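# Residue-level structure breakdown
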Amino acid sequence: MCDLVLRLNHFNFSFTCNNNNLILNNSLFLRIESHSSTRNTHICKGRKLNDSGSGTGADVIIVGAGVAGSALAYTLAKDGRCVHVIEKDLRVPNRINGELLQPGGYIKLKELGLEDCLEQIDAQEVLGYILYKDRENIKLPYPLETYHADVAGRSFHNGRFIQRLREKTKALPCVQMNEGTVTSLLWKDNKTVIGVQYKSKDGKEQKAYAPLTIVCDGCFSKLRRSLCHPKVEVPSCFVGLILENCQLPFENHGHVILANPSPILFYRISSTEVRCLVDIPGQKVPPIGNGKMANFLKTMVAPQCAFGIIFPIIRDEGVRQMFFPATVPEFYRSPSARIRIEIVSNY
C-alpha cells in the first residue's frame, strides 16, 4: 500500500495505490496498463471518435459525466486526448450535493478555463460564513484580499452547473459523450482493465475499449467493487429544504447554525431560492406523508438558533401551506415565502 500524487494537466490527484489499482477520493478509480498507458504520447489533434459508439478510437474512457467526469474529459480533450464519456442519464440532474463551490474551486475552474460554466445559471457569490450558536453570531469571511476581485465562492443549482459543464465538454471535437449504463469492466488476463461494457439508451449491449479507463460514477459505484471493497457508512441523512422568496440575515454568506443534535446550514442557490440543509443522525428520516417530518422541523429545528430564519416563515405561512400547498384552496394560497422538502443521503 502506498500513496502518491499525480499531476495530470491542471488536476492534482491524491491516490492510494493497492495492487496496481489507483483509487481517488473514494469515488473514482483507474487502472493503468503499464506497457502502454503510462508511456502514451498519442495526440488526437482534434480528430473525432467513432460515431458508432464503440469507442475504439478513444485514448481514455470516462464513466460518469458529473462534475469530476466532465471537467476531466474537458481537460484531457483540450490537451489533445480523445475521450469517450459514458453517462447513465444526460438529463439535467437534480442533486443537493455540490451546490456550494469554495473560492479555491472557483480558482481551479479559472485555471481549467471552465469559469464561464457559472454564467447563465443564476449562480450567487459567496463571501464567507456566519456562525450561529446560542442566538449569537460571528462572521467568518473568506481571506480574499490578495486575490482578483472576481474570486469568491459560488452557490447554484448543481444540475444547472453540471449541464453547462457537459455542454462545453461535448462541444470539443475529440469528445464523444454517450448515454448508457456501464454494467462491467472489460479485463485482459484478469489483470488489466481494457475498457467497459455498457447498455445504450436503446437497450443495445455495447463495448468500448481504451488504454485507460477512469470511473467517476460516485461513491455508490458498483464498478469499484471489481477492484476493492469499500465500507460505506451512512451516519446521517440530509433533509434539504428550499426556501422561496426569503431573505437571509447576511446575504452572500452561508449561515451555519450549531444546533442540537446536528448543524443546520443555509445558503442561497439562486436569486429567489435559499437552500436549508438539516442533518438528521441515523440512516432513517421522519416520513413526510403522515406529517412527522413537518412536526420534526417545527418542534426540533425551528426553535433553535435557526429561530430567526425558519420560525417566522412557519408562523406566517402555516405548516399546511408550506409543506402541503396542494391541499390549500387556491383562494388562500400565498405567493410569498414557502418551503419545499427534498431528502438525500449525506454520502
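The residue count restarts for each chain, going from 1 along the sequence in the order it is written. Where totals are concerned, whole chains, interfaces and linings use all residues; where local detail is concerned, this predicted model gives features only for residues with pLDDT of at least 70, and gives and counts side-chain atom pairs only at 80 or more. Excluded from the side-chain calculations are hydrogens and water; all other atoms, namely the structure's heavy atoms, are used.

## Details of the side chain of N178
Helix and strand assignments come from DSSP, with helices taken as H or I runs of at least 4 residues and strands as E runs of at least 2, each series counted from the N terminus. Mapped onto the elements, N178 comes out in strand 12 (residues 175–188). For the purposes of these results, a polar contact is taken to be a pair of N or O atoms within 3.5 Å, where, inside protein, one atom must be able to donate a hydrogen and its partner to accept one; residues adjacent in sequence count only when each atom of the pair is a side-chain atom. Among the polar contacts made by the side chain of N178, one reaches the side chain of H84 at a distance of 2.6 Å.

## Here's the deal with helix 3 (residues 158–170)
When the terminal C-alpha atoms of helix 3 are compared, their 18 Å separation across 13 residues agrees well with the 18 Å that a helix rising 1.5 Å per residue should span. Here the term buried applies to any residue with accessible area under 20% of the maximum for its type, exposed to any over 50%, and partly exposed to those in between, with areas from a 1.4 Å probe on protein chains only. Three or more residues of helix 3 are buried, namely N158, G159, F161, I162, Q163, L165, R166 and T169. The inward-facing, buried residues of helix 3 contact helix 1 (67–78), strand 6 (83–87), helix 2 (103–112) and strand 12. A helix is expected to span 1.5 Å for every residue after the first. Between two residues, a contact is recorded if the distance between any of their heavy atoms is within 4.5 Å.

## Brief notes about unusual backbone geometry
The backbone phi angle of Q120 is positive, close to 65 degrees, even though this residue is not glycine. Its identity as a non-glycine residue notwithstanding, D189 has a phi of 55 degrees, on the positive side. By secondary structure assignment, the location of D189 is in the loop between strand 12 and strand 13 (192–200).

## Some remarks on the packing of aromatic side chains
Aromatic pairing here means that ring centres of Phe, Tyr or Trp (its six-membered ring) are within 6.5 Å. Orientation follows from the plane angle: under 30 degrees is stacked, over 60 is edge-to-face, and everything else is tilted. Enumeration according to the criterion identifies 2 aromatic pairs in this entry. Judged by centre distance (6.0 Å) and plane angle (85 degrees), the rings of Y129 and Y142 are edge-to-face. Of this pair, Y129 sits in strand 9 (residues 128–133) while Y142 is found in the loop between strand 10 (136–141) and strand 11 (153–155), placing the two residues 13 residues apart along the sequence. Judged by its relative accessible area of 13%, Y142 falls in the buried class. Between F156 and F161, the ring centres sit 4.8 Å apart and the planes meet at 35 degrees, which makes this aromatic pair tilted. Accessibility expressed as a relative area gives 1% for F156, which makes it buried. Between the NZ or CZ atom of R154 and the centre of the ring of Y106, over which it lies, the distance is 4.3 Å. As a reminder, the over-ring test applies to NZ of lysine and CZ of arginine, requiring each to be within 6 Å of the ring centre and within 35 degrees of the ring normal.

## Quick word on the packing of helix 1 against helix 3
Here the axes come from fitting lines to C-alpha atoms, over the contacting stretch only for helices, and the angles between their N-to-C directions go from 0 to 180 degrees. Across the interface, helix 1 lies against helix 3 with an axial gap of 9 Å and an inter-helix angle of 25 degrees. By the angle between their axes, helix 1 is roughly parallel relative to helix 3. Handedness of the crossing formed by helix 1 with helix 3: left-handed. Of the residues in helix 3, those touching helix 1 at V67, S70, A73 and Y74 are N158, F161, I162, L165, R166, K168 and T169. Taken together, the residues of the contact of helix 1 with helix 3 break down into 6 nonpolar, 3 polar and 2 charged. Roughly parallel covers angles under 35 degrees, roughly antiparallel covers those over 145, roughly perpendicular covers 65 to 115, and oblique covers all other angles. In this scheme, a crossing is called left-handed if the near helix is turned counterclockwise away from the far one by less than a right angle; it is called right-handed if the turn is clockwise. Three residue categories are used. Nonpolar comprises Ala, Val, Leu, Ile, Met, Phe, Trp, Tyr, Cys and Pro, charged comprises Asp, Glu, Lys and Arg, and polar comprises the others, including Gly.

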